[in-house]
Amino acid sequence: MQIRVAAAVEVERPPGEVYDFAVAEASFPRLVHALGPIPGIVRVEMEGGRPLERGAQRRVTMSDGSEVLEEVLDAERPRRHRYRWLRPPAPPFNLLVRTGEGDWRFSPAGGGTRVDWTYTFDLTSPLVYPLAAAALALFRRWMQRALDRLPGEMQRARPPSRPA
């Protein structure tokens, strides 16, 4: 059984610029902070120094000391970044969820970019659905808070050029 959660934000920058910032290894710790029992991201490293490309793996170190190993499924600049967990999450989340797949989509919106981030989780059993639904509601807030930081972090990293 699967559950899907989603978050979105609009950023007043072109899709390529938003994509490049959002998927950069250094950006995840700036964007994804802990929320309650859900840890933040402290480091992201591409395995073997590979570029972000289909089939590459990356190690994500969380603020609780756990690590998530991910496989990149799609890296289509400036439209899509999709990945899946290669191992179950750390306890106690592993009692509810077997695996997860994240999907970031970047699309033109007005004069900027809309970012849609969805996560699809495979539950360990249909019996855990009520508990998983509650936990994943918090996870959705965690995702939304990360996306809400995106415009400000991009501004701090590199202010947009202004006409003279």
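Check the entry above for the structure.
Definitions and limits used
Residues numbered from 1 in each chain as written. Predicted model: local features only at pLDDT ≥ 70, side-chain atom pairs only at ≥ 80, totals over all residues. Heavy atoms only, no water. Pairing = 2+ DSSP bridges. Helix = DSSP H or I, 4+ residues; strand = E, 2+ residues; numbered from the N terminus. Axes fitted to C-alpha atoms, helices over the stretch in contact; angles between N-to-C directions. Contact = heavy atoms within 4.5 Å. Buried < 20%, exposed > 50% of the residue type's maximum accessible area, 1.4 Å probe, protein only.

Undergrad: Teacher, can you tell me more about the sheet that holds strand β5 (residues 80-85) here?
TA: In any sheet, the strands associate via hydrogen bonds between backbone groups, in a parallel or an antiparallel arrangement. Here we have seven strands laid out as an open sheet, ordered β1-β7-β6-β5-β4-β3-β2, and antiparallel in their pairing. Only two strands of the sheet have a single partner each, and these edge strands are β1 (2-11) and β2 (41-46). For this sheet the average axis-to-axis angle between neighbouring strands, irrespective of direction, equals 20°. Strands β1, β4 (67-76), β5, β6 (97-109) and β7 (112-123) of the sheet are contacted by helix α1 (residues 15-23), whose axis makes an angle of about 155° with β6. In the packing of helix α3 (residues 129-157) onto the sheet, the strands contacted are β1, β3 (57-62), β6 and β7, and the crossing angle to β1 comes to about 20°.

Undergrad: I would appreciate a short explanation of the pairing of β5 in the present structure.
TA: Working note: regular strand, side chains alternate between the two faces of the sheet. Counting buried positions over the six residues of β5 gives five, a clear majority of the element. Here β4 pairs with β5 via six bridges, running antiparallel. Bridging across to β5, E70 finds its partner in W85. Hairpin connection, β4 to β5: the antiparallel pair is bridged by three residues. As defined by bridge partners, β5 adjoins β6 across five bridges and the pair is classed as antiparallel. In the strand pairing of β6, R84 is matched with E101.

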